[in-house]
Amino acid sequence: MPFQLQSSHITDSFWSHYRELVRTEMIPYQWDVLNDNADIVIEKERNDDNIPSEKSHAIENFKIAAGLKEGHHYGWVFQDSDVYKWLEAVAYSLSIHPDAQLQELADGVIDLIGLAQEQDGYINTYFSIEEPERRFKKLAESHELYCAGHFIEAAIAYYEATGNEKARTIACRLADCIDAHFGKEAGKIQGYDGHEEIELALTKLYTLTGEQRYLDLSLYFLYERGTDPTFFARQRAEDKGTTAVIEGMSHRQLKYYQAHQPVLEQETAEGHAVRLVYLCAGMADAAYLANDRKMLEACRRLWSNMVSKRMYITGGIGSTVDGEAFTTDYDLPNDTMYCETCASIGLIFFAFNMLKNEAKSQYADVLERALYNTAIGGMALDGKHFFYVNPLEVRPDSSLHDPGKSHVKVTRPAWFGCACCPPNLARLLTSLHQYVYTIHPQQRAVYTNLYVTGTAELKLDDQTIQLEQTSELPWEGNVAFQVHTDQPIDFTLALRIPYWSGEPMLTVNGESVSLNIEDGFVSLNRTWQRGDQLKLTLPMEIRQYSAHPLVRSDWGKLAIGRGPLIYCAEQEDNGANLHLIRVHSNQQANYRFDPELLGGVGTIEWQAERQQIGTEWEQVLYSSVAEPTYAPHTLKLIPYYSWANRTPGEMQVWLNKA
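Residues numbered from 1 in each chain as written. Predicted model: local features only at pLDDT ≥ 70, side-chain atom pairs only at ≥ 80, totals over all residues. Heavy atoms only, no water.

## Description of the sheet that holds strand β1 (residues 4-10)
An order of β1-β7-β8-β9-β15-β11-β12 is seen for the seven strands of this open sheet, with the pairing classed as antiparallel. Bordering the open sheet on either side are β1 and β12 (511-512), each of which pairs with just one other strand. Pairing between strand β11 (residues 505-508) and strand β15 (residues 533-537): four bridges, direction antiparallel. Across the sheet, residue Val508 finds its bridge partner in β15, namely Leu534. (Pairing = 2+ DSSP bridges. Helix = DSSP H or I, 4+ residues; strand = E, 2+ residues; numbered from the N terminus.)

## Topic: the nonpolar core
In terms of nonpolar packing, the biggest core is built from 222 residues, with Trp15, Phe221 and Val653 touching the most fellow members. Top contributing element to this core by residue count: helix α12 (residues 273-290), with twelve residues. Here Val653 is in contact with Ile313, Leu392, Leu558, Ala559, Ile566, Tyr567, Cys568 and Tyr640, once residues within four sequence places are set aside. (Core = buried A, V, L, I, M, F, W, Y, C linked by side-chain atoms within 4.5 Å. Buried < 20%, exposed > 50% of the residue type's maximum accessible area, 1.4 Å probe, protein only. Contact = heavy atoms within 4.5 Å.)

## Points about the pattern of salt bridges
Under the criterion given, the structure shown has 43 salt bridges. Ionic pairing is found between Arg135 and Glu118, a salt bridge with its closest N-O pair at 3.0 Å. Taken together, the residues span a long stretch of sequence, with Arg135 in the loop between α5 (125-129) and α6 (139-142) and Glu118 in the loop between α4 (100-116) and α5 at a distance of 17 residues. Of the residues examined, Arg135 reaches a relative accessible area of 18% and is grouped as buried. One salt bridge in this structure joins Arg213 and Asp176, with 2.9 Å as the shortest N-O distance. Linking Arg213 in helix α10 (residues 212-224) with Asp176 in helix α8 (residues 165-181), this pair joins segments that are 37 residues apart in sequence. A relative accessible area of 33% means that Arg213 is categorised as partly exposed. Residue Asp176 is classed as partly exposed on the basis of its relative accessible area, which comes to 30%. Beyond isolated ion pairs, a larger network of salt bridges with shared partners links Glu88, Glu153, Lys204 and Arg427. (Salt bridge = Lys/Arg side-chain N within 4 Å of Asp/Glu carboxyl O.)

## A short note on the side chain of Arg496
Relative to the assigned elements, Arg496 resides in strand β10 (residues 489-496). Judged by its relative accessible area of 0%, Arg496 is buried. Here Asn449 takes part through its backbone oxygen, which lies 2.8 Å from a polar atom of the side chain of Arg496. What Arg496 contacts, discounting residues up to four positions off in sequence, is Ser361, Ala364, Asp365, Glu368, Thr448, Asn449, Leu450, Tyr451, Gly520, Phe521 and Leu536. (Polar contact = N/O pair within 3.5 Å; in protein donor to acceptor, adjacent residues only side chain to side chain.)

Right, dumping it as structure tokens:
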């Protein structure tokens, strides 16, 4: 029997809190929103009159498409995906915490989706209700395959959690419909969707069913992308005279869709950030399943460009509101960026699928960085308010009055007109147990990607192995493992040494072990006995980070981190005009855990200084004679993920350096 991960369970206090918050707050709250029963204000994610924000209407759309109600579709053309991601979060939640009432509710949603499915397997409420004659005819805008991918992912998760055969059947019929319409054969559409997602879903459906057609279809979409630069334009021309599916999309260049070149030729992270990482996640999974070395090499190139030249220190990606997109190397503005929550979630998907291909800690480091900072920063501590955009610098007046910063919110809204992020975060948090370990069967090795308290059950040579992990992250770097096995067994347990760690120390059964670190992992290859114990100490030092000198926005500044967390300054603790504060890098910083603050967080205090604005600046805008004067200031920093949970005010990650 190959080396397999049978199950993984999280009991970690930090992450269990978040997962319980999803179960008790986010899932019921989002259900009310999807049914238009929540008494909330739905905000536009930026100033744009085209954004529908009166209601969600997502469940009602399915009822209309199913013939149970009469009416018109409301919301974005991709509104269905909000329901699908909610359903996927429910699936993972049920696998952790069985709930008969919630399962009955979700079963009803599966039944409703089944009623909305057309005879040939097609599902999309917008086109079924409003324009059935335009199915698959405006793929640059339509999001039909994007929505289909999200349903397939949700159906797989729901089937695995509950055994609901209808979910699996609907998903396979939908995939078969897509297979019947797309490909190189005569009479089929030789093209692809404008928003990637179906590629990743099909690899998951192949893994579930073993049906080779699904993997082949995923590879077809991946390899077809970018081969015909006229595809979208030809579809638009053939659809001439009809209204746009999404207003304002026709001017987008092919880079926006990652369709400017075949994927094997793309060298840089381009276009809409979420689309890019969803594409890459699909590429990496397909490369793993098909042993496609060329596809893997393309993934490596795109990964390298993105994380070394186009990623924020928080794990955010997307430098501009225009197209929610990447721009150029080292262009990382802090106050006009995008850093969509979904983009960091997609980056986590990409990183994990790369870890399946090759055990290199750089992927897990980025996964961890995005998870602990931008991803959970996308949700308020109450589980009912959310960021679409995750800025690194905020001034309330600018967000209110500068049209170029309307997307930069000071507080998390209750919901968005484009509500992709809240249910996406819910499905990530409830599935987090899947990301803790990866197995490399040929090496007989289990790799630890995340340090999270919990248990994992492994199967090797018809023998069951249980790994019990205890972790004090993110506040302290103490980790312990205990191995439970009925008989002695040979395998490798590999432990990641994070980029943020000081000099690590490791003991096995109380004896020190010399650390041979390869690709960021320490591999312990031995005959494991029942009760073997490991203790790994990862010293957490307060670290000062500098950006590459070509990152103009961060030149002469530094950022502070401890462990996997990046820290920020808020007006609540430091007063207004945070830009007047400067820090001396040689000053000592002090760390303290405050159990009463923001649900319990570690804080950092640093003796800094603040420029004083004296009377010489009254009625003066520019001066050639005024000399700056500074007064001592105790700078207080909190974890970035926890900002904007108190009084609205300024926030800053990158600090001026004296």
